[in-house]
Amino acid sequence: MNPLIKAIAFAADKHRNQRRKDAEASPYINHPIALANVLANEGNLSEEAVLIAAILHDTIEDTETTADELRQHFGNAITTIVLEVTDDKLLEKAERKRLQVEHAPHISREAKLVKLADKICNLRDITTSPPTKWPLERKQAYFDWAKAVVDGLRGVNPALEYIFDGAFGRRP
Ligand code: ZN
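About the criteria used
- Residues numbered from 1 in each chain as written.
- Predicted model: local features only at pLDDT ≥ 70, side-chain atom pairs only at ≥ 80, totals over all residues.
- Heavy atoms only, no water.
- Helix = DSSP H or I, 4+ residues; strand = E, 2+ residues; numbered from the N terminus.
- Buried < 20%, exposed > 50% of the residue type's maximum accessible area, 1.4 Å probe, protein only.
- Salt bridge = Lys/Arg side-chain N within 4 Å of Asp/Glu carboxyl O.
- Polar contact = N/O pair within 3.5 Å; in protein donor to acceptor, adjacent residues only side chain to side chain.
- Donors = N, O, S within 2.8 Å, 3.2 Å for Na, K, Ca; no water.
- Tetrahedral: all angles 85-135°; square planar, octahedral: opposite > 155°, others 65-115°.
- Expected span 1.5 Å × (residues − 1).
- Phe/Tyr/Trp six-rings, centres within 6.5 Å; stacked < 30°, edge-to-face > 60°.

Visitor: Explain unusual backbone geometry here, please?
Guide: Working note: non-glycine residues mostly have negative phi, and peptide bonds are mostly trans. Backbone geometry places A25, a non-glycine residue, at a positive phi of 50°. In the Ramachandran plot, N44 falls in the positive-phi region, its phi being about 55° despite a non-glycine side chain. In this structure, N44 sits in the loop between α2 (30-42) and α3 (48-56). Using a relative accessible area of 65% as the deciding quantity, one classes N44 as exposed.

Quick look at the structure:
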């Protein structure tokens, strides 16, 4: 049993009908794989729980996957990390975004790493293959919000924070 490969297969199945918002409508699974790639190959992190949580990070928020299902397949520790980076979709979008900024300093180290990689990947995507319907102001607002979230978790991994700052430096 290789849990990381199992997580990739699980997430690929859960996201199988989803596409990113870029012009090419890229397969959604490219995004969680990009997070794990940033953590492992740019952040030099090898902790299996962090890499698996990165692969699974959008399954509860963006698919019908439940926390119980993740617990059953991947255990409580990984499920807890995923829940820490999952927005409550019952709340208004503006409130969800405000809570991400407010909560960032208080989540676990593992969740901070996943969140940092998520923001790095999203800024890169907006720079290189942006959502087709986003006007300039929306892209800029996303960059500023992502920086506010990351500013709240600084100290967790200076190398990845430096990479984030490089991505932020290309703010449209
Ligand atoms: Zn994400």
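Visitor: Just checking my understanding: could you explain the pattern of salt bridges for this structure?
Guide: It is possible for side chains of opposite charge to pair when their charged atoms get near one another. For the coordinates displayed, the defined rule picks out 16 salt bridges. Measuring nitrogen to oxygen at the nearest pair gives 2.6 Å for the salt bridge that ties E102 to R98. Separated by four residues within a single helix, E102 and R98 lie in helix α7 (residues 93-103), roughly one turn from each other. Note on E102: relative accessible area 41%, which makes it partly exposed. The salt bridge partner of R171 is D144, with a shortest N-O separation of 2.8 Å. One end of the pair, R171, is in the segment after α10 (158-168); the other, D144, is in helix α9 (residues 136-151), with 27 residues separating them in the sequence. Overall, R171 belongs to the partly exposed group, its relative accessible area being 35%. Here the residues in one salt-bridge network are K147, D151, R154 and D165, joined through shared partners.

Visitor: Where do I start with the environment of N2 in this structure?
Guide: Mapped onto the fold, N2 is located in the segment before α1 (3-14). For N2, a relative accessible area of 40% gives the class partly exposed. Within polar-contact distance, the side chain of N2 engages the backbone nitrogen of I5 at 3.1 Å.

Visitor: Help me understand the coordination of the zinc ion, please; the structure alone is not making it clear to me.
Guide: Ideal coordination angles are 109.5 degrees for a metal with four donors arranged tetrahedrally and 90 or 180 degrees for a metal with six donors arranged octahedrally. Protein coordination at the zinc ion: the donors are H31 (NE2), H57 (NE2), D58 (OD) and D118 (OD), at 2.1 to 2.7 Å from the metal. Considering all four donor atoms around the zinc ion, the spread of angles at the metal, 78 to 174°, places the coordination shape in the irregular class. Written as a sequence motif, the donor residues of the zinc ion are H-x25-H-D-x59-D. One end of the pair, H31, is in helix α2; the other, H57, is in the loop between α3 and α4 (59-62), and 26 residues separate them in sequence. Across this residue pair, the class does not change: H31 and H57 are buried.

Visitor: Honestly, helix α8 (residues 109-128) in this entry has me stumped. Any pointers?
Guide: Given 3.6 residues per turn, any residue in an α-helix points the same way as the ones three and four places further on. Taking 1.5 Å of rise per residue, 20 residues should cover 28 Å, and α8 covers 29 Å from first to last C-alpha, within 8% of that figure. Counting buried positions along α8 yields 14 of 20 residues, so the element is predominantly enclosed.

Visitor: In this structure, what is going on with the packing of aromatic side chains? I would like to understand it.
Guide: As enumerated under the stated definition, the model contains five aromatic pairs in all. With centroids separated by 5.3 Å and ring planes inclined at 70°, the aromatic side chains of Y142 and W145 adopt a geometry described as edge-to-face. Of this pair, Y142 and W145 both sit in helix α9, three residues apart, roughly one helical turn. Here Y142 matches W145 in class, with each residue buried. On the basis of an interplanar angle of 20° and a centroid distance of 6.3 Å, the ring pair of F164 and F168 is categorised as stacked. Within this pair, F164 and its partner F168 are both found in helix α10, separated by four residues, close to a single helical turn.

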